Amino acid sequence: MIRIEYQTQRLSLRFFMLMLVLFLFQTAFGLLLTGQHIDPTLLAGTLNFNVVRAEHTNLGILWVLSGFIGAILFVGPLLSKRELAAPGLIRFLFYALLAVVLWNVATQVLAEQGIAGWWLGQPLLQEGLEYLEAGRIVDVVILVGFAILCHVVWRSFPPISQWNEIHWGLGIGVLALTLVWIFGMFFVERIDLQEYFRWYVVHYWVEGVWEVIHISLVGFLLVLMFRADVKSVGFAVFWGISLVWLSGLLGNAHHYFWVGTPEFWQFWGSLFSALEPLPLIFCFWHLYLDAHQDGEPLANMPAFAFLLGSVVLEQVGAGILGFTMTFALTNVWSHGTWVTLSHAHLALFGTFGMLGIATAYYAIPLMRGVGQFDQRPGRLAFWLVFTGMLGLCFAFAIGGTVQVYVYRTLGLDWFGGEVAPAMLFAKLLVPVFGLVFTIGAGLLVYDLLTLGLRVPVPAAARPVAATGWGRRLSGWETGLWLLAMWVFGAVITLGLLSFNLRTVQDGSMLFPYLMAGIGYPGLLLTTLLFVARFLRSLAARGPAAVSDQAVGVAASLAR
Amino acid sequence: MSCAAGEPCEEGGRRRRALVVLGLMGAIFIVLSVASFLDSRGQVTPVSVSYAGFDAVQGKRVFQAYNCMGCHTIVGNGAYFAPDLTKLYGRVGPAWLEAFLPSAGSWPTSTAVALQLRDAATAGEAGAASIDAYLKKYPAAAERVERRGGHMTLMPNLPLSRNEVRELIAFLKYSSAMNTEGWPPTPRVAGLAVAKAALPAAQAATVPAATATAPPSATQRGADLAQSTGCMACHSTSGERLVGPGWGELYGSDVTFTDGSSARADDAYLTQSIVDPDARVVKDYVPHVMPAYAGVLDAGQVADIVAYIRSLQGGQP
């Protein structure tokens with residue numbers, strides 16, 4: 001076990017704790033939304049759907065950011081080999097974040113009265129734009145917070161001449177995080193121009209900046225967990241980030257198909273955002289390689305499970321599901337429906353949420369000085385959260401396919417009582433899986449909040465046979481699993497494409513329903529089984545001897 | 001860099017080439033972006049759109065202030081909970097929106113839409129003077145009136161002022177005029193045709209039952225009128241305030257006006273409130289939200305509605 005060498009690493013603990021609490025609240029708001037979907041009069045007039053949804057999306061962004069900050073503060077001193085600069089500012093950053101959260105939760109309710117707090121043409125209190133609902137006051141405080149984070153990271157890191165790729169990734173990541181945010185800080189009169197800049201923040205954050213931070217952090221966690229070689233991880237980090245930007249920079253065009261911007265974006269968006277899965281496949285493959293470079297047992301199973309979940313769901317949610325709806329000919333149908341929800345939930349929670357949780361599972365035991373901890377709640381929580389999210393994604397995708405058919409083929413695009421009953425099955429499925437997810441979320445939050453504070457229960461690790469489902473996972477087999485996922489992804493793509501067929505447009509639902517019925521369950525089940533297989537093969541390596549990790553880490557950190 | 005010592009290293013060159021390509025992509029993106037917002041593109045801008053003298057830019061502020069995107073979608077982006085609003089104005093027309101928005105909790109009846117057409121500005125914007133011409137010109141409005149008129153919607157009532165309503169309509173007029181490159185796709189089948197064909201039969205079945213009974217009392221006529229005119233969109237039969245005051249505890253109560261004076265809610269007061277609601281506005285209520293029914297309802301009909309309100313005294317219908 002690594003000892004905490006740098007005291008400023010401990011500053012990350014409070015951000016992880018805040019992340020967990022916000023995660024729980026976000027989940028609760030999500031559950032309330034499912035209720036309002038089934039009964040739209042639920043709390044109508046008291047806590048309207050749009051307010052609950054704004055809380056849900058904003059808390060989602062804020063807890064992911066809180067997790068990022070925690071992760072960056074935790075790895076910062078390890079990367080810098082010295083204490084973080086300006087610990088006072090970091091403490092201030094925490095209280096600023098806390099204030100932002102409380103203020104923003106409170107001001108979103110003003111939308112029910114139509115109060116935006118206009119001053120000098122800017123909405124000070126709340127803005128009413130999807131994902132950017134926060135008002136200008138909060139925007140400014142967040143900008144200051146990002147600037148503090150930049151300052152801390154850049155001042156803590158060694159001189160630029162000594163940077164490796166992970167330094168570059170995180171350094172550029174936090175800087176870009178700050179700069180991109182500025183594009184969301186203006187009231188724009190035109191819808192097309194406003195959407196153009198809104199996606200600067202949303203797309204370039206997620207697919208430009210967060211992805212870069214994600215790649216860097218995954219890379220460094222692999223270094224810490226598997227004593228992977230910093231140089232080979234650095235290679236992966238450089239090319240991962242380059243591919244992200246090579247595909248994602250023009251890939252943003254897929255948001256400019258139908259918002260009033262010209263038709264030529266359909267060409268560029270379809271072409272380049274189809275390349276966006278490449279860096280994700282690259283990242284996926286490197287995770288496999290680094291996890292298998294030696295056959296050593298794994299010390300911290302929950303941390304790795306969430307890291308694996310992050311990379312796999314990035315592949316499936318962002319990569320494959322993103323791919324299915326990235327072409328103008330499929331996006332014209334999926335746009336503005338639940339189909340996009342399945343992609344968004346799997347990609348955002350999967351990629352970034354799970355990374356935050358993985359880092360917390362890695363860092364919290366170290367900071368609390370717990371060598372052996374009961375890993376069973378963590379593992380169980382992973383499976384609940386993972387299956388819950390896959391199930392949610394299935395429900396959204398099926399509901400979305402029905403919605404596309406009812407909206408776009410039958411033309412019943414107003415809620416004249418036809419759409420809701422048609423989607424009812426999916427709408428009922430959402431809270432079922434939502435409940436599974438919530439139980440998992442509650443369990444992991446409890447586990448992490450109290451880890452090391454409870455009386456440890458000695459866990460008798462059940463030996464897992466290294467045969468059958470537990471045998472070593474070969475590269476070939478991993479490739480086949482990945483191929484299977486992409487085959488189902490292709491089926492989903494063809495299903496969306498089939499809405500263009502004359503027979504479907506004449507009212508036959510056969511093709512799209514059949515393809516969605518095969519594609520989505522196929523993809524999600526393959527994902528579930530692959531992760532089960534991967535984790536089983538790692539568990540078969542046996543229980544880890546706790547102390548032998550420290551040596552390797554120290555060695556790998558020495559450049 | 002992952003080059004072993006002594007080997008020829010190509011990694012550095014590869015990385016430089018990748019960065020050059022990235023720069024090229026950035027340049028392409030900037031060129032495309034500039035081209036997207038040139039005037040020659042001919043895209044409509046909100047500054048050039050107004051509705052009955054109200055500004056579309058101001059409408060966008062209202063749209064954001066109420067976080068409409070938190071339930072609806074606009075150009076396909078938003079919350080997928082409620083219908084897309086991009087092309088709504090072009091489909092249902094301004095009079096339907098004028099009737100709907102102040103009391104969004106209820107679907108407008110054809111009387112409620114007709115009432116809005118009495119405003120010259122609205123009729124002018126709609127390009128239809130009579131309700132028949134209007135419903136013919138905006139089939140989507142006709143569809144909503146026929147199938148849902150007078151029923152509850154799933155949208156909560158919002159405290160929109162008269163001006164905000166018109167600004168919002170200006171904004172929707174703007175979004176409706178936008179070129180969105182063919183989105184949303186036009187359906188080839190009329191999905192409603194089936195449901196519509198089934199509907200008149202169901203209505204016809206209820207008619208004979210109604211005619212079989214004795215001629216309706218004034219109270220009964222008032223109740224029917226209140227329903228068909230669309231009063232119930234804003235007024236509940238209990239004491240509960242929806243948009244306007246609930247009728248259950250209204251008759252005989254004391255009301256205070258914005259100018260500080262007060263009166264007893266008797267026949268004369270209620271009649272005036274229906275015929276000319278802006279003559280005296282009750283404290284905490286906004287003027288110009290309730291339309292004037294002078295010329296829409298004759299004296300007998302107003303008396304019937306007042307009788308109905310009187311019968312609701314104490315909250316019992």
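Residues numbered from 1 in each chain as written. Chains lettered and ligands numbered in written order. Predicted model: local features only at pLDDT ≥ 70, side-chain atom pairs only at ≥ 80, totals over all residues. Heavy atoms only, no water.

**Quick notes on the overall build of chain B**
Turning to step 1, where the next piece is worked out: Scanning chain B from terminus to terminus reveals twelve helices and six strands.
Turning to step 2, where the next piece is worked out: In chain B, which comprises 317 residues, the proportion classed as buried is 48%.
Turning to step 3, where the next piece is worked out: Counting contacts in chain B only where the partners sit at least 6 residues apart, residues at least 24 apart contribute 62% of the total.
Turning to step 4, where the next piece is worked out: Carbon and sulfur atoms provide 58% of the accessible area of chain B, an area that totals close to 14,500 Å². (Helix = DSSP H or I, 4+ residues; strand = E, 2+ residues; numbered from the N terminus. Buried < 20%, exposed > 50% of the residue type's maximum accessible area, 1.4 Å probe, protein only. Contact = heavy atoms within 4.5 Å. Areas by Shrake-Rupley, 256 points an atom, 1.4 Å probe, with all protein chains shown as cover.)

**Some details on unusual backbone geometry**
Turning to step 1, where the next piece is worked out: A cis amide bond links Trp183 of chain B with the next residue in sequence, Pro184 of chain B, at an omega value of -5°.
Turning to step 2, where the next piece is worked out: Here Pro184 of chain B lies in the loop between α8 (162-177) and α9 (192-211).
Turning to step 3, where the next piece is worked out: Positive phi values are uncommon outside glycine, yet Lys81 of chain A reaches one of about 55°.
Turning to step 4, where the next piece is worked out: In this structure Lys81 of chain A comes out as partly exposed when scored by relative accessible area, which is 43%.
Turning to step 5, where the next piece is worked out: Positive phi values are uncommon outside glycine, yet Leu120 of chain A reaches one of about 55°.
Turning to step 6, where the next piece is worked out: One can find Leu120 of chain A in the loop between β1 (118-119) and β2 (122-123).

**Here's the deal with the interface of chain A and chain B**
Turning to step 1, where the next piece is worked out: Between chain A and chain B, the residue contacts involve 85 residues of the former and 68 residues of the latter.
Turning to step 2, where the next piece is worked out: Carbon and sulfur atoms supply 64% of the area that chain A and chain B bury against each other, a total of about 7,000 Å² over both sides.
Turning to step 3, where the next piece is worked out: The largest contributions to the chain A side of the interface with chain B come from Arg190, Ile191 and Trp414 of chain A, which together make up 11% of the buried area.
Turning to step 4, where the next piece is worked out: One can count three salt bridges joining chain A with chain B. (Buried area = accessible area lost by both parts, 1.4 Å probe. Salt bridge = Lys/Arg side-chain N within 4 Å of Asp/Glu carboxyl O.)

**Description of the confidence of the model for chain A**
Residue and element names in this part refer to chain A.
Turning to step 1, where the next piece is worked out: On average, residues of chain A score 91 in pLDDT, and 95% of them reach the 70 mark or higher.
Turning to step 2, where the next piece is worked out: The element-level mean pLDDT for chain A is lowest in helix α19 (residues 548-557), coming to 43, with helix α16 (residues 475-497) highest at 97.
Turning to step 3, where the next piece is worked out: Contacts from residues 546-559, a stretch scored under 50 in pLDDT, to residues over four places away or in other chains number 26 contacts. (pLDDT = per-residue confidence, 0-100.)

**Topic: the domain arrangement of chain B**
Residues and elements named next belong to chain B.
Turning to step 1, where the next piece is worked out: Domain boundaries in chain B define domain 1 (46-177) and domain 2 (217-315).
Turning to step 2, where the next piece is worked out: Taken together, the connections running from domain 1 to domain 2 amount to four residue pairs in polar contact (both at pLDDT 80 or more).
Turning to step 3, where the next piece is worked out: Examining the composition of the side of domain 1 that touches domain 2, we find that four residues originate from one element, helix α4 (residues 110-117), more than from any other.
Turning to step 4, where the next piece is worked out: Of the residues contributing to the side of domain 1 that touches domain 2, the split by class is five nonpolar, seven polar and two charged. (Domains from an automatic or database assignment. Polar contact = N/O pair within 3.5 Å; in protein donor to acceptor, adjacent residues only side chain to side chain. Nonpolar A, V, L, I, M, F, W, Y, C, P; charged D, E, K, R; others polar.)

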